[in-house]
Amino acid sequence: MSAIELHNAVKEYQNGDEVIRALKGVDFSAGPGEMLVIIGPSGSGKSTLLNLIGLLDKPTEGTVSLNGDDVTGWSEGKLTKARKSSIGFVFQDFHLLPMLTAVENVELPTMWDPGVDRHDRAVDLLKRVGLGDRLDHTPDQLSGGQRQRVAIARSLINEPDILLADEPTGNLDQDTARDILDEFTRIKDDEDVAIVAVTHDQIFTEYTDRTIEIVDGVIQ
Ligand code: ADP
């Protein structure tokens with residue numbers, strides 16, 4: 001079963017009197033343990049597609065299924081819960097809180113969950129991404145690659161089925177980018193998550209199972 005599946009997804013934006021058809025009937029699926037990369041020129045619909053996959057936005061037409069459940073008509077509240085339990089996000093600029101330590105940043109998504117103590121899992125995840133000796137460092141005491149590893153550990157804290165990455169190596173040099181891609185490869189194998197990355201970085205194509213090219217709202 002696919003972790004996430006879009007069927008004939010159309011996304012239109014209203015811009016004054018103009019309707020912008022950003023996705024023109026897209027079929028997409030990603031399964032457990034699969035790493036996909038989405039490429040395409042600027043303005044082709046990559047972010048729009050990532051927002052639909054991440055349940056951050058709804059299609060104008062078509063359906064979205066999460067682990068086999070059609071979630072297209074779900075309320076915002078139900079989608080937020082599903083997003084939190086099933087989807088992890090990694091961004092180009094890491095999105096770490098500067099005053100928190102590495103382990104606190106990883107625990108952050110669970111901080112408001114009553115009765116949940118994810119400290120041990122946070123420590124374990126940081127050890128797994130090679131930061132066992134950096135648990136109490138704040139982001140300014142870490143390199144760019146180490147910050148992205150913290151962000152990756154944080155994205156896994158709720159044991160997601162899908163990890164979405166938006167230009168995750170955009171701020172990293174090529175050697176560090178390869179380290180991060182090795183990390184993604186380990187994660188998809190060990191945790192059986194589906195990894196979907198939007199990127200301009202060519203080296204992704206050496207690591208991915210599938211490359212999806214989108215041009216003008218259409219998958220090629
Ligand atoms: P990409 O990520 O490939 O650069 P986007 O998904 O951001 O492409 O954008 C696809 C198209 O949709 C572009 O023409 C963009 O201008 C338009 N678009 C994206 N978001 C909005 C929005 N919130 N309102 C109006 N138009 C948008």
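Because the structure is a prediction, the values reported are computed rather than measured.

Criteria and thresholds
Residues numbered from 1 in each chain as written. Predicted model: local features only at pLDDT ≥ 70, side-chain atom pairs only at ≥ 80, totals over all residues. Heavy atoms only, no water. Helix = DSSP H or I, 4+ residues; strand = E, 2+ residues; numbered from the N terminus. Buried < 20%, exposed > 50% of the residue type's maximum accessible area, 1.4 Å probe, protein only. Contact = heavy atoms within 4.5 Å. Pairing = 2+ DSSP bridges. Phe/Tyr/Trp six-rings, centres within 6.5 Å; stacked < 30°, edge-to-face > 60°. Lys NZ or Arg CZ within 6 Å of the ring centre and 35° of its normal. Near = heavy atom within 4 Å. Polar contact = N/O pair within 3.5 Å; in protein donor to acceptor, adjacent residues only side chain to side chain. Areas by Shrake-Rupley, 256 points an atom, 1.4 Å probe, with all protein chains shown as cover. pLDDT = per-residue confidence, 0-100. Expected span 1.5 Å × (residues − 1). Patch = residues over 30% accessible without salt bridge, like charges linked within 9 Å, V, L, I, M, F, W, Y side chains within 5 Å. Salt bridge = Lys/Arg side-chain N within 4 Å of Asp/Glu carboxyl O. Lys, Arg positive; Asp, Glu negative; His and termini not counted. Charge placed at Lys NZ, Arg CZ, Asp CG, Glu CD.

Caption draft 1: Representation of the environment of V90 in the model. Within the element layout of this structure, V90 appears in strand β6 (residues 87-91). The class for V90 is buried, based on a relative accessible area of 1%. The spatial distance from the C-alpha of V90 to the C-alpha of K127 is 18 Å, given a sequence separation of 37 residues. In this structure, V90 is in contact with Q148, A151, I152, S155, L163, L164, A165, D166 and P168, ignoring residues within four places of it in sequence.

Caption draft 2: Looking closely at the pairing of strand β9 (residues 210-215). Judged from the four bridges that link them, strand β3 (residues 35-39) and β9 form a sheet pairing that is parallel. The residue of β9 that forms the bridge with I39 is E213. Pairing of β9 with strand β10 (residues 218-219), which is carried by two bridges, proceeds in the antiparallel orientation. Along β10, the bridge assignment pairs I214 with I219. Between the end of β9 and the start of β10, which pair antiparallel, lie two residues, with D216 showing a positive phi angle near 50°.

Caption draft 3: Structural detail: the packing of aromatic side chains. Counted by the stated rule, this structure contains one aromatic pair. Here the aromatic rings of F89 and F91 are separated by 6.2 Å at their centres, their planes lie at 5°, and the arrangement is stacked. Judged by its relative accessible area of 27%, F91 is partly exposed. Of note, K78 hangs over the ring of W74, and the distance from its end group to the ring centre comes to 4.2 Å.

Caption draft 4: Representation of the site of the ligand. Surveying the vicinity of the ligand reveals the residues Y13, I20, A22, P41, S42, G43, S44, G45, K46, S47 and T48. A distance of 3.1 Å separates an oxygen atom of the ligand from a polar atom in the backbone of G45. Surface burial for the ligand is 62%, taken as the share of its 560 Å² of free accessible area covered by protein chains. Counting residues per element, the ones that place at least two in the shell around the ligand are β2 (18-30) and α1 (46-53).

Caption draft 5: Structural view of the confidence of the model for the chain. Overall, the prediction assigns the chain a mean pLDDT of 94, with 100% of residues at 70 or greater. Mean pLDDT across the secondary structure elements of the chain bottoms out at helix α6 (residues 174-191), with 90, and peaks at strand β4 (residues 61-66), with 98.

Caption draft 6: Summary view of the side chain of E34. Positionally, E34 belongs in the loop between β2 and β3. Sequence-distant contacts of E34, that is, excluding residues within four places in its chain, are made with S29, K188, V193, A194, I195, D209 and R210.

Caption draft 7: Quick look at the sheet that holds strand β5 (residues 69-70). Overall, antiparallel pairing links the four strands, which are arranged β2-β1-β4-β5 in an open sheet. The sheet is open, and its two borders are formed by β2 and β5, each paired with just one other strand. Pairing analysis gives ten bridges linking strand β1 (residues 4-15) to β2, with the strands arranged antiparallel. Within β2, the position partnered with I4 by the bridge is A30.

Caption draft 8: Representation of helix α5 (residues 144-155) within the structure. Taking 1.5 Å as the rise per residue, α5 with twelve residues should run 16 Å; its terminal C-alpha atoms sit 17 Å apart, in good agreement. Counting buried residues in α5 gives ten out of twelve residues, a clear majority hidden from the surface. Taken residue by residue, α5 has G145, Q146, Q148, R149, V150, A151, I152, A153, R154 and S155 as its buried positions.

Caption draft 9: Spatial organisation of a negative patch on the surface. The grouping of D173, D175, D179 and D182 at the surface amounts to a negative patch. Its place among the elements puts D182 in helix α6. What makes D182 partly exposed here is its relative accessible area of 34%.

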